[in-house]
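# Secondary and tertiary structure notes
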Amino acid sequence: MQELKKIGFIGTGIMGAAMAGHLMNAGFEVSVYNRTKSKAQDLINRGARWCETAGECAKNQDVVMTIVGYPKDVEEIYLSEGGIIDNAKPGTYLVDMTTSSPAVAEKIFNAAKLKNLHAVDAPVTGGDVGAKKATLTILVGGEKEDFDALQPIFKVIGKNPVYEGSAGAGQKTKACNQIAIAGTLAGVCEAFAYAKASGLDIEKVYSAISSGAAGSFQMTGVARQGLDGNFNPGFMLKHLAKDLSIGVEDSNSCGLSLPILSTVLHELRSMEKSGHGAEGTQALLKYYGVVE
């Protein structure tokens, strides 16, 4: 099996910077590219090689990893002229960890295969905390032998890599995850909206229900921050809106109408239009009037 030593890492935001840092700590040779160079500066200071473009970052690597913003960004850096697929050498593993659309994942897989490149879609769950602690769950679609070959990489940045099936299956599984989160987060917000409207002490309600059957990460890890007045993003509200829009689009293509998903997406888009898109998802509490 090919030894994987050199990694091109594209996208050094909240999640990517931590993930790339773990790979450097594990001894991999890491090159980095980000549209905003300052977001990669700490990695550069630690010895990562800076690249001026995504295509340059893909050259002469064993693995190229990406975690960027939106499906259109993924498609652009992989499939555009001078992009990743144009520049990666045959045999390179291409690992897109962005939450993107299954259709884009399948398109990249097929284009990569024509050039003897091994593409997998590998979105992650666990947020910024999971990225910093290297405890991410990694949801992988593509060829099983490519998933197996990438285990040394996955085990550095996460604790639970799961092979989900053929190309696009990782993205479909991530959509399941985000759909579940949407309903849970909205349910937590509604619970506290009701507590406030009915005259209950929200802190006493939180203490009573957060450790019981209603307990969840959305309760204790997300809503708790909002109740404390902390809206700094572990995961930006606008990014959850993007993820849920992918879920709506793909579920519609399966002939499904998911009303909870559609309702929460509407709420998030309303908050985004009101200027809260860069806040954490706990800002949904503001939509329900629980906090200011």
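Let me sum up the structure you'll find in this document. (Residues numbered from 1 in each chain as written. Predicted model: local features only at pLDDT ≥ 70, side-chain atom pairs only at ≥ 80, totals over all residues. Heavy atoms only, no water.)

Our focus in this paragraph is helix H11 (residues 202-209). Where H11 is concerned, the buried positions are Ile202, Val205 and Tyr206. Considered in projection along H11, the buried side chains sweep an arc of 100° and stay on one side of the axis. Along H11, the residues that are exposed and aim more than 90 degrees away from the buried face are Lys204, Ser207 and Ala208. Elements that come into contact with the buried residues of H11 comprise helix H10 (169-197) and helix H12 (217-227). (Buried < 20%, exposed > 50% of the residue type's maximum accessible area, 1.4 Å probe, protein only. Helix = DSSP H or I, 4+ residues; strand = E, 2+ residues; numbered from the N terminus. Arc of directions from axis to C-beta. Contact = heavy atoms within 4.5 Å.)

A few words on the pattern of salt bridges. Here the idea is simple: oppositely charged side chains can pair when their charged atoms come close. In total, this model carries 13 salt bridges according to the counting rule given. The residue Lys89 makes a salt bridge to Asp62 at a minimum N-O spacing of 3.7 Å. Separated by 27 residues along the polypeptide, Lys89 in the loop between helix H5 (84-87) and strand E5 (93-96) and Asp62 in the loop between helix H3 (54-58) and strand E4 (63-66) bring together distant segments of the chain. Two residues, Glu143 and Lys113, come together in a salt bridge whose shortest N-O distance is 3.5 Å. Of this pair, Glu143 sits in the loop between strand E8 (136-141) and helix H8 (144-149) while Lys113 sits in helix H6 (residues 102-114), and the two are 30 residues apart along the sequence. When its relative accessible area of 26% is taken as the criterion, Glu143 is described as partly exposed. Several salt bridges converge on common partners, so that one network encompasses Arg35, Lys72 and Asp73. (Salt bridge = Lys/Arg side-chain N within 4 Å of Asp/Glu carboxyl O.)

The next subject is the packing of H10 against H12. In the contact formed by H10 and H12, the axes pass within 10 Å of each other and the chain directions differ by 50°. Considering their axes alone, H10 and H12 lie oblique with respect to each other. The handedness of the crossing between H10 and H12 comes out as right-handed. Within the contact between the two elements, H10 uses Ile181, Thr184, Leu185, Val188 and Phe192 and H12 uses Gln218, Met219, Val222, Ala223 and Leu227. (Axes fitted to C-alpha atoms, helices over the stretch in contact; angles between N-to-C directions. Parallel < 35°, antiparallel > 145°, perpendicular 65-115°, else oblique. Left-handed = near helix turned anticlockwise from the far one by under 90°.)

This next bit is on helix H4 (residues 71-79). Taken together, the buried positions of H4 are Pro71, Asp73, Val74, Ile77 and Tyr78. Here the buried residues of H4 occupy an arc of 160° about the axis, which is enough to place them on one side.

Under the criterion given, the structure shown has 5 aromatic pairs. Judged by centre distance (5.6 Å) and plane angle (45°), the rings of Phe147 and Tyr163 are tilted. Placement of the pair is Phe147 in helix H8 and Tyr163 in strand E9 (residues 158-165), with a sequence separation of 16 residues. Accessibility expressed as a relative area gives 7% for Phe147, which makes it buried. Classification of Tyr163 by relative accessible area gives partly exposed; the value is 28%. Taken together, the ring pairs in this structure connect Phe147, Phe154 and Tyr163 into an aromatic cluster. Over the aromatic face of Tyr70 sits the side chain of Lys242, whose NZ or CZ is 5.9 Å from the ring centroid. (Phe/Tyr/Trp six-rings, centres within 6.5 Å; stacked < 30°, edge-to-face > 60°. Lys NZ or Arg CZ within 6 Å of the ring centre and 35° of its normal.)

Relative to the helices and strands, Ala191 resides in helix H10. Spatially, the C-alpha atoms of Ala191 and Val205 are 9.2 Å apart, while their sequence positions differ by 14 residues.

For the rest of this paragraph, the subject is the packing of H4 against H6. The interhelical angle for the contact between H4 and H6, taken along N-to-C directions, is 5°, at an axis separation of 10 Å. Here H4 is positioned roughly parallel relative to H6, judged by the angle of their axes. Together, Pro71, Val74, Glu75, Tyr78 and Leu79 of H4 and Val104, Lys107, Ile108 and Ala111 of H6 make up the contact between the two elements. Among the residues forming the contact of H4 with H6, the class breakdown is 7 nonpolar, no polar and 2 charged. (Nonpolar A, V, L, I, M, F, W, Y, C, P; charged D, E, K, R; others polar.)

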